[in-house]
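Below, each chain spelled out in residue letters.
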Amino acid sequence: MLKRYEKHWMVKQMGKAKIDQAFKQVLDRGDKAFVPYIMAGDGGLDQLDEQLAFLEEAGATVVELGIAFSDPVADGPTIQEAGLRALANGVSLSAVLETLKKSKAERKIPIVLMTYINPIHTYGIEAFAKSCEEAGVDGLIIPDLPLEEERLIVPTLQENKIALIRLAALTSTEERLTEIAKRTEGFLYAVTVTGTTGARASFQDELGAHLASLREKSNAPVLAGFGVSTPEHVRSLTEHCDGVIVGSKIVDSLYKGDRKVIRELIESAQLN
Ligand SMILES: O=P(O)(O)OC[C@@H](O)[C@@H](O)c1c[nH]c2ccccc12
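Parameters at a glance
Position labels on residues start from 1 in each chain and follow its written sequence. With the structure being a predicted model, the display of local features is reserved for residues of pLDDT at least 70 and the display and counting of side-chain atom pairs for 80 or more, all residues being used for whole-chain, interface and lining totals. Residues with at least 20 neighbouring C-beta atoms inside 10 Å of their own are called buried, those with 12 or fewer are called exposed, and the rest are partly exposed, where every C-beta is derived from the backbone. We count a stretch as a helix when DSSP gives it H or I for four or more residues in a row; a strand needs E for two or more, and each element gets its number in order from the N terminus. Note that the arc is defined by the directions from the helix axis to the C-beta atoms. A pair of strands counts as paired when DSSP detects no fewer than two bridges linking them. To decide nearness, the C-beta atom of each residue is placed from the backbone, and the residue is near a molecule or strand if that atom lies within 6 Å of it. For this classification, Asp, Glu, Lys and Arg are treated as charged, while Ala, Val, Leu, Ile, Met, Phe, Trp, Tyr, Cys and Pro are nonpolar and the rest, including Gly, are polar. Across the chain, each position has a pLDDT score giving the predictor's confidence in that residue, from 0 to 100. UniProt positions are given in the numbering used here, feature names are shortened, and annotations may be inferred rather than shown by experiment. Any residue pair is listed as a contact if its two C-beta atoms, each placed from the backbone, are within 7 Å. Connectivity within a nonpolar core runs through C-beta atoms within 7 Å, and the core itself is a set of buried Ala, Val, Leu, Ile, Met, Phe, Trp, Tyr and Cys residues. Geometry is summarised by axes, namely lines fitted to C-alpha atoms with helices restricted to the contacting stretch, and by angles between N-to-C directions that run from 0 to 180 degrees. Consider the strands pointing away from the viewer: the crossover is right-handed when the path from the first strand over the helix to the second runs clockwise.

(A) Region of the structure containing helix H5 (residues 93-103). Along H5, the residues that are buried comprise Val96, Leu97, Thr99 and Leu100. All buried residues of H5 fall inside an arc of 160° around its axis, so they share one side.

(B) Main features of the sheet that holds strand E3 (residues 111-114). Reading across from one edge, E5-E4-E3-E2-E1-E9-E8-E7-E6 is the order of the 9 strands in this open sheet, with parallel pairing throughout. Looking at which strands have only one partner, the edges of the open sheet turn out to be strand E5 (163-164) and strand E6 (166-168). Two elements, E3 and strand E4 (residues 139-141), share 3 bridges in a ladder whose sense is parallel. Considered in E4, the bridge of Val112 is made with Gly139.

(C) Seen up close, the site of the ligand. Around the ligand, the surrounding shell holds 19 residues, and the nearest of these are Ala74, Pro143, Thr197, Gly247 and Ser248. Broken down by class, the residue content of the shell around the ligand amounts to 9 nonpolar, 7 polar and 3 charged.

(D) View of the confidence of the model for the protein. This prediction gives the protein a mean pLDDT of 93; 96% of its residues lie at or above 70. Interface confidence in the predicted complex, given as ipTM, is 0.98; pTM for the same model is 0.94.

(E) Quick look at the UniProt feature "active site" (unreviewed entry) in the protein. With numbering matched to this structure, UniProt assigns "active site" (unreviewed entry) to Glu64 and Asp75. For Glu64, the location among the structural elements is in strand E2 (residues 63-66). Those residues in contact with Glu64 that lie beyond four places of it in its chain are Val35, Tyr37, Val112, Met114, Ile141 and Ile245. Its place among the elements puts Asp75 in the loop between E2 and helix H4 (77-88). Here Asp75 falls in the buried class, since 24 other C-beta atoms lie within 10 Å of it. Ignoring sequence-local partners within four residues, the contact set of Asp75 consists of Gln80, Gly83, Thr196 and Thr197.

(F) How the structure looks around the nonpolar core. Residues Leu188, Tyr189, Ala190, Leu223 and Val244 are the most contacted members of the largest nonpolar core, which totals 80 residues. Those residues in contact with Leu188 that lie beyond four places of it in its chain are Arg166, Ala168, Ala181, Leu214, Ser218, Ala220, Val222 and Leu223.

(G) Examining the packing of H5 against helix H7 (residues 125-135) more closely. As a packed pair, H5 and H7 sit with axes 8 Å apart at the nearest point and diverge in direction by 30°. Mapping the contact onto sequence places Leu97, Leu100 and Lys101 in H5 and Ser131, Cys132, Glu134 and Ala135 in H7. Its residues placed into classes, the contact of H5 with H7 shows 4 nonpolar, 1 polar and 2 charged.

(H) Quick look at unusual backbone geometry. Within the chain, Lys161 stands out as a residue other than glycine whose phi angle is a positive 55°. Although it is not a glycine, Phe226 adopts a positive phi angle of roughly 95°. As for its position among the elements, Phe226 is in the loop between strand E8 (222-225) and helix H11 (231-237). Residue classification places Phe226 among the buried positions, given that 27 C-beta atoms sit within 10 Å.

(I) Here's a closer look at the pairing of E8. Here E8 shows no split at all, with Val222 and Ala224 on one side and Leu223 and Gly225 on the other all buried. As judged from the 4 bridges shared by strand E7 (residues 188-191) and E8, these two strands associate in the parallel manner. Across the sheet, residue Ala190 finds its bridge partner in E8, namely Ala224. On the question of chirality, the crossover connecting E7 to the parallel E8 by way of helix H10 (residues 207-217) is right-handed. For E8 and strand E9 (residues 243-246), the ladder comprises 3 bridges, and the chain directions are parallel. Residue pairing in the sheet places Leu223 in a bridge with Gly243 of E9. This β-α-β element, E8 to H11 to E9, shows right-handed connectivity.

If you want it as structure tokens, here you go:
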């Protein structure tokens, strides 16, 4: 029998894409996916290749790479501070894409860029999609792009084989969640809390049921993100979903040079 996510890849015809291959590898061997978020240029853009190589070697499935932005509405304090450090280092969307392009050949791990829609408009949608393709960017997360407006960008992304990862909020209606779950590419980003990003102590009791219902609505891998900060969180959330996204805890540990914490988090998603 086909596994759930294999149906997703058949429908989207994206089975050859790097991002889908990476999930297939992890899920087929019975592990859960682990997607660390880092802020591009925190510590200087010259550190980026080494940081990505470390995450790849430590066993991350895909990396979510944040582009610093002056008005980061969904970001909590840890990510905002990292964004300010990156901006102080002179990081821009084009500088990040240039850096990624140079190291594309050496990199195996798929890259998902997290950027708000404004910098994309400034860059120009066509030019942006082309630069992403050249830089080896496999997917995008655009948190302030509503479902109703995505047709402005989706055809161009599809032409360039760039996946658009949709976010499912806790507060969305069933109808909307169904639509988001159907449309998503790469994976479905299940937001675990209401509010901004940032490490949290615990999650609502109903979260397990919410994740399970998203898995019924979507054939894509369902990953939980926002507030995930300990190996215990990873283990309990992945009972109900295909993996996790960890931002603030990774950003903080990378900044402090505490890579052991990062390794332990990634290992907690490896069940075999
Ligand atoms: O930091 P947390 O709570 O671990 O959550 C992940 C999150 O940081 C990352 O995915 C992210 C950073 N900025 C975003 C904006 C919107 C959605 C997601 C994000």
